[in-house]
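Now for the letters of each chain:
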Amino acid sequence: MLEQHEKQDQPVSRRNFLKNSGLVLGGLVVGGVAGSLLRTQQGPQQPGAATAPAADFNQALMYFTGEQFRVIEAACERIFPEDELGPGAKALGAAYFIDHQLAGEWGFNARDYMQGPFYPGEATQGYQGRLKRREIFDIGIQEMNNYSNSLEGKKFYELTPEQQDTVLKAFETDEVKLTTISASAFFAMLRATTLEGVYSDPLYGGNKNMDGWRMKSFPGNQMAYTQIIEQEGLAKMEPLSLRDHQHG
Amino acid sequence: MAKKLPKVDVVVVGVGWGGGIIASELTKQGLTVVGLERGKERKTEDYFMVHDELRYALRYELMQDLSKETITFRSKPSVRALPMRSYGSFLLGTGLGGSGVHWNGQTFRFLPYDFEIRSKTIERYGEKKFPDGMTIQDWGITYDELEPYFDRFEQMAGISGEENPLGGKRSKPYPTPPMKMPPALKMFAEATKKMNLHPYMMPSANLSEAYTNPDGVSRAACQYCGFCERFGCEYGAKADPVVTVIPVAKKTGKFEIRTHSHVRRILHDGKKATGVMYTDVTTGEDIEQPADIVVLTSYVFNNTRLLLMSNLGRPYDPNTGKGVIGKNYAYQVIRGGAIGFYEDREFNVFAGAGALGMTIDDYNGDNFDHSDLNFIHGANISISQTGQRPIGNNKVPAGVPGWGKEFKAASIKYYTRTLSVGAQGACMPFRHHFLDLDPTYKDVFGDPLMRITFDFEEQDRQLAAYCADRCGEIIKEMGAADKIEVNRKLGPYDITPYQSTHNTGGVIMGSSPDTSAVNNYLQMWDAENVFVVGASAFPHNSGYNPTGTMGALSYRAAEGILKYSKSGGGLLV
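Residues numbered from 1 in each chain as written. Chains lettered and ligands numbered in written order. Predicted model: local features only at pLDDT ≥ 70, side-chain atom pairs only at ≥ 80, totals over all residues. Heavy atoms only, no water.

### Regarding the overall build of chain B
Argument step 1. When helices and strands are counted, chain B shows twelve helices and 23 strands.
Argument step 2. Computed over C-alpha atoms, the radius of gyration of chain B comes to 23 Å, within 12% of the 25 Å expected from 2.2 N^0.38 for 573 residues, which places it in the range of a compact globule.
Argument step 3. Over its C-alpha atoms, taken along the principal directions, chain B stretches across nearly 70 × 55 × 50 Å.
Argument step 4. Counting the 573 residues in chain B, one finds 67% classified as buried.
Argument step 5. At a minimum sequence separation of 6, the contacts of chain B that also span at least 24 residues come to 75%.
Argument step 6. Just so you have it, chain B exposes about 18200 Å², and 48% of that area is on carbon and sulfur atoms.
Argument step 7. Across chain B, the mean location of the 64 positive side-chain charges is 2 Å away from that of the 65 negative side-chain charges. (Helix = DSSP H or I, 4+ residues; strand = E, 2+ residues; numbered from the N terminus. Rg over C-alpha atoms; globule rule 2.2 N^0.38 Å. Buried < 20%, exposed > 50% of the residue type's maximum accessible area, 1.4 Å probe, protein only. Contact = heavy atoms within 4.5 Å. Areas by Shrake-Rupley, 256 points an atom, 1.4 Å probe, with all protein chains shown as cover. Lys, Arg positive; Asp, Glu negative; His and termini not counted. Charge placed at Lys NZ, Arg CZ, Asp CG, Glu CD.)

Structure representation (structure tokens):
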């Protein structure tokens with residue numbers, strides 16, 4: 001019943017959008033971004049380009065070793081598993097997303113205050129360690145394998161899904177005692193980055209084919225919702241990504 | 001040896017709302033103004049790729065680089081203050097437009113009660129109403145005196161709204177009509193009306209329709225794209241300094257903006273400022289900019305920090321209660337809200353605007369009787385539809401695990417089936433809540449970081465619990481919520497979860513130099529040619545977003561600076 005609006009809620013075309021949105025005031029275009037959209041033209045399609053299934057060149061490792069990647073990919077999939085609703089974190093490329101994030105400034109804590117002196121603080125004072133995120137992942141992954149080995153004599157990714165959940169729960173609740181990092185803080189970071197990999201714009205390597213957004217009825221990068229903002233019930237829309245913004 | 005530049009009339013430190021308003025008002029009257037901005041230039045075209053939750057909301061694209069400068073925090077003096085190493089509780093803006101770029105645009109006026117809070121509370125409840133250590137004071141200005149400046153800020157920004165039935169008197173209606181009303185807001189309005197409360201549309205700087213302001217600046221209407229807070233507006237629909245006051249100042253030919261210019265000291269002779277010293281961060285060169293008038297218009301923390309680093313004004317001492325710079329740091333009590341989960345209704349939660357909301361003030365200020373309550377003031381209670389993005393919004397009912405199959409199903413299901421009613425609580429100042437220079441941690445130049453000493457008090461906990469119950473009643477009345485969760489409990493202040501970028505105080509205004517740092521023109525009592533503009537002037541924080549009041553005070557300060565400049569000196573009050 002709520003789906004009845006589906007047909008009329010097609011994403012706004014850029015031309016209609018500009019016509020309808022009041023961006024043009026007496027012939028003067030207000031707002032630089034919208035102005036540049038006016039000049040945007042779709043280039044002609046290359047013959048054959050549409051038919052060849054393109055390899056995803058983004059799916060290569062920038063930071064993790066193959067071993068580390070297998071652990072993270074298996075863990076992400078338990079955090080956000082494939083089910084009847086749709087793909088899980090693995091198919092959505094969340095592990096590639098995490099790999100790529102750790103390779104860049106976020107992995108290096110480039111914009112965080114990392115000067116000493118370092119003291120253990122109260123919980124309300126936030127993270128006070130000297131390790132960078134990529135180092136925390138290195139240790140956390142190693143410890144996941146160590147713990148899996150101590151339980152079952154196997155690597156984390158060789159365990160059954162139920163056994164993997166047991167390991168993850170042990171990290172989540174600090175049942176695993178680590179000396180270098182906080183197991184629960186590592187797990188929280190792993191969970192948060194998994195969700196980022198599931199739901200961030202596909203340009204970062206996760207949310208493959210925007211299927212994370214599709215499952216959640218999030219329409220992605222839409223120019224405007226003026227047409228549905230007052231509407232009752234869910235407006236189903238095909239999502240758009242930032243790639244839909246022509247920037248040439 | 002710093003390079004010394006030719007003297008100018010006025011130097012403005014930080015070019016956000018405060019700096020932009022001061023510059024536009026002063027240059028229109030013929031003064032020459034130099035604006036020193038530590039960050040980079042910004043323009044609307046920068047936001048072409050702005051619909052990127054990861055980059056802007058979670059990696060803080062528009063915020064200050066904490067590797068260069070942060071703050072330190074402790075709950076009380078016996079605890080060692082430690083640096084805020086990554087973002088959490090609040091987000092510090094930087095660059096042209098400052099925090100005025102990444103705000104939501106919720107533009108309230110503080111209540112008449114706020115400006116005379118001490119007198120009015122004593123009048124109604126007696127002095128015993130104040131708990132030990134609460135240092136509230138009157139602002140040295142009344143609502144009626146400030147009203148014309150509220151109006152000027154609202155006309156400039158094009159605020160969209162309707163009259164608040166429980167607010168102060170208005171001389172003029174809002175310049176543009178309220179925003180559109182989505183179903184969730186209608187439900188809130190109907191429920192609160194039924195409860196004999198007084199709902200009104202949240203005053204919005206997002207612009208309900210195309211608008212040309214008194215300065216001749218035209219802006220387009222909001223498109224409800226759902227990317228407002230933490231983002232810049234790609235339409236220029238959200239009022240920010242870059243699309244309103246800064247171009248007006250530039251057009252006069254009297255305003256020179258120097259970006260990448262990090263002011264590190266106010267230069268002075270003990271009585272008056274002679275200029276400022278700044279570092280050009282692109283070359284590392286130290287430069288002296290002499291000026292007749294120095295206006296501090298950076299964020300709360302840097303206004304306070306610059307004064308303390310420059311030995312200007314009397315530093316606050318929490319042990320004696322004497323001194324004023326760093327006094328009355330306050331925040332916002334955000335905990336205290338209710339969530340409703342709906343089984344059979346879905347909402348377009350992804351659509352919205354930063355200031356799209358419906359709100360009541362029945363439990364704000366002294367609009368309700370506090371005789372039998374163990375707190376003063378209250379909260380603005382509202383429902384808002386700011387646009388919920390998918391990484392940051394994964395609410396599940398209590399009892400559902402935080403990950404795995406069940407989490408996935410519930411977080412997807414309830415993404416479009418959850419509404420929340422929230423309370424934005426006032427925060428009263430206490431003698432032991434203050435700002436000073438950290439003795440240990442330094443910024444990238446080797447200057448001391450600002451140190452915050454702050455925690456929530458029993459006043460805050462009582463306020464949060466009371467308002468949470470009111471939120472719960474409203475969401476219940478909004479019907480169909482099969483599961484309702486009320487968050488009554490306010491724990492200790494924690495710097496890690498995001499709460500609000502509504503930090504206030506440190507350079508507070510008042511009617512006496514004994515208890516305040518600036519007068520009601522935001523002119524320093526101890527240095528007559530220094531004006532300190534911002535929410536740093538608030539003696540306490542109200543149950544509202546601060547920008548509307550901060551903007552009004554900026555226009556008031558601009559008028560004071562013009563008066564001071566024409567009269568040739570002296571204190572204005």
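### So, the overall build of chain A
Argument step 1. When its secondary structure is counted, chain A shows nine helices and two strands.
Argument step 2. Of the regular secondary structure in chain A, the N- to C-terminal order runs α-β-β-α-α-α-α-α-α-α-α.
Argument step 3. Going through the 248 residues of chain A one by one, you find that 47% of them count as buried.
Argument step 4. In chain A, once contacts between residues fewer than 6 apart in sequence are set aside, the share between residues at least 24 apart is 60%.
Argument step 5. Put simply, chain A shows about 12400 Å² of open surface, and 52% of that area lies on carbon and sulfur atoms.

### Observations regarding the UniProt feature "domain: Glucose-methanol-choline oxidoreductase N-terminal" (unreviewed entry) in chain B
Argument step 1. The sites that UniProt annotates as "domain: Glucose-methanol-choline oxidoreductase N-terminal" (unreviewed entry) are residues 220–329 of chain B.
Argument step 2. In residues 220–329 of chain B, helix accounts for 15% and strand for 32%; the two terminal C-alpha atoms are 37 Å from one another. (UniProt positions renumbered as here; feature names shortened; annotations may be inferred.)

### A short note on the nonpolar core
Argument step 1. Of all hydrophobic cores here, the largest spans 232 residues; its most connected members are F137(A), F171(A), F90(B), F301(B) and M478(B).
Argument step 2. The dominant element in this core, judged by the number of residues it contributes, is helix α12 (residues 547–567) of chain B, at nine residues.
Argument step 3. Formed jointly, this core draws a minimum of three residues from each of two domains, domain 1 (2–40 + 222–244) and domain 2 (66–110 + 125–212) of chain A.
Argument step 4. In contact with F137(A), other than residues within four places in its own chain, are F64(A), I72(A), I98(A), L102(A), F186(A), M189(A), L190(A) and T193(A). (Core = buried A, V, L, I, M, F, W, Y, C linked by side-chain atoms within 4.5 Å. Domains from an automatic or database assignment.)

### Focus: the pairing of strand β11 (residues 273–280) of chain B
Across a regular strand the side chains alternate sides, sitting on one face of the sheet and then on the other.
Residues and elements named next belong to chain B.
Argument step 1. Counting buried positions over the eight residues of β11 gives seven, a clear majority of the element.
Argument step 2. Looking at chain direction, strand β10 (residues 261–268) and β11 are connected through seven bridges and run antiparallel. In the sheet register, R265 faces β11, and the bridge partner there is M277.
Argument step 3. As consecutive antiparallel partners, β10 and β11 are separated by four residues, and within that stretch G270 has a phi angle of approximately 100°, a positive value.
Argument step 4. Two elements, β11 and strand β12 (residues 285–296), share six bridges in a ladder whose sense is antiparallel. If you follow T279 over to β12, its bridge partner there is D286.
Argument step 5. In sequence, β11 turns back onto β12 through a hairpin of four residues, with G284 there showing a positive phi of about 85°. (Pairing = 2+ DSSP bridges.)

### Considering the packing of helix α3 (residues 66–79) of chain A against helix α7 (residues 161–172) of chain A
All names here are of chain A.
Argument step 1. Relative orientation of the contacting elements α3 and α7 amounts to 90°, with a least axis distance of 10 Å. Classified by the interaxial angle, the pair formed by α3 and α7 is roughly perpendicular. Each of A74, A75 and R78 in α3 lies in contact with α7, whose residues at this interface are P161, Q164, D165 and L168.
Argument step 2. Across the contact of α3 with α7, the residue classes tally to four nonpolar, one polar and two charged. (Axes fitted to C-alpha atoms, helices over the stretch in contact; angles between N-to-C directions. Parallel < 35°, antiparallel > 145°, perpendicular 65-115°, else oblique. Nonpolar A, V, L, I, M, F, W, Y, C, P; charged D, E, K, R; others polar.)

### Quick word on the confidence of the model for chain A
Residues and elements named next belong to chain A.
Argument step 1. Overall, the prediction assigns chain A a mean pLDDT of 85, with 77% of residues at 70 or greater.
Argument step 2. The model gives residues 1–22 a pLDDT under 50, and that stretch makes 34 contacts with residues more than four places away or in other chains.
Argument step 3. This stretch, residues 24–32, has a pLDDT under 50; its non-local contacts, to residues over four places away or in other chains, come to 20 contacts. (pLDDT = per-residue confidence, 0-100.)

### As for the interface of chain A and chain B
Argument step 1. Every contact between the two is made by 85 residues of chain A and, on the other side, 82 residues of chain B.
Argument step 2. When chain A packs against chain B, close to 6700 Å² is buried across both sides, 60% of that on carbon and sulfur atoms.
Argument step 3. Here chain A and chain B share four salt bridges between them.
Argument step 4. Between E232(A) and R345(B) there is a salt bridge; the shortest N-O distance is 2.9 Å.
Argument step 5. The interface formed by chain A and chain B holds 40 residue pairs in polar contact (both at pLDDT 80 or more) in total.
Argument step 6. Elements that contribute at least two residues to the side of chain A that touches chain B include exactly α2 (32–38), α3, α5 (94–103), α7, α8 (183–199) and α9 (211–216) of chain A.
Argument step 7. Grouping the amino acids of the side of chain A that touches chain B by side-chain chemistry returns 42 nonpolar, 27 polar and 16 charged. (Buried area = accessible area lost by both parts, 1.4 Å probe. Salt bridge = Lys/Arg side-chain N within 4 Å of Asp/Glu carboxyl O. Polar contact = N/O pair within 3.5 Å; in protein donor to acceptor, adjacent residues only side chain to side chain.)

### Quick notes on the sheet that holds strand β18 (residues 434–442) of chain B
Residue and element names in this part refer to chain B.
Argument step 1. Read from one edge to the other, the open sheet built from four strands follows the order β5-β4-β19-β18, with strand pairing classed as mixed. A strand with exactly one partner marks an edge of an open sheet, and here the two such strands are β5 (82–83) and β18.
Argument step 2. Across four bridges, the pairing between strand β4 (residues 71–74) and strand β19 (residues 448–453) is parallel. Directly across from R74, in β19, lies its bridge partner T453.

### Quick word on the side chain of Q64(B)
Argument step 1. Looking at where Q64(B) falls in the secondary structure, it is placed in the loop between α2 (53–58) and β4.
Argument step 2. By relative accessible area, which is 6% here, Q64(B) ends up buried.
Argument step 3. A polar contact of 2.7 Å, which involves the side chain of Q64(B), links it to the side chain of R38(B).
Argument step 4. Setting aside anything within four residues of it in sequence, one finds Q64(B) in contact with R111(A), R38(B), E69(B), T70(B), Y87(B), L92(B), G93(B) and T94(B).

### Here's the deal with the pattern of salt bridges
Residue and element names in this part refer to chain B.
Argument step 1. One pass over the structure, following the stated rule, counts 46 salt bridges over all chains.
Argument step 2. Measuring nitrogen to oxygen at the nearest pair gives 3.1 Å for the salt bridge that ties K172 to D151. On the criterion of sequence distance, the pair formed by K172 in the loop between α6 (143–157) and α7 (183–194) and D151 in helix α6 is long-range, its members being 21 residues apart.

### Some words on unusual backbone geometry
Argument step 1. The amide bond that connects G116(A) to the next residue, P117(A), takes the cis arrangement and shows omega of 0°.
Argument step 2. Along the chain, P117(A) turns up in the loop between α5 and α6 (133–152).
Argument step 3. Even without a glycine there, the phi angle at M210(A) is positive, about 60°.
Argument step 4. Positionally, M210(A) belongs in the loop between α8 and α9.
Argument step 5. A residue is classified by how much of its surface remains accessible, and M210(A), at 13% relative accessible area, is buried.
Argument step 6. With phi around 60°, L522(B) is a residue other than glycine that occupies positive phi space.
Argument step 7. Take L522(B): it is sitting in the loop between β21 (504–506) and β22 (523–524).

### Describing the domain arrangement of chain A
Residue and element names in this part refer to chain A.
Argument step 1. Looking at the assigned domains, one finds that chain A contains domain 1 (2–40 + 222–244) and domain 2 (66–110 + 125–212).
Argument step 2. Listed by partner, the interface residues are four residues for domain 1 and four residues for domain 2.
Argument step 3. Buried area between domain 1 and domain 2, summed over both chains or domains, comes out near 320 Å², and the portion from carbon and sulfur atoms is 73%.
Argument step 4. For the pair domain 1 and domain 2, the interface holds one residue pair in polar contact (both at pLDDT 80 or more).
Argument step 5. Its residues assigned to classes, the side of domain 1 that touches domain 2 comprises three nonpolar, one polar and no charged.

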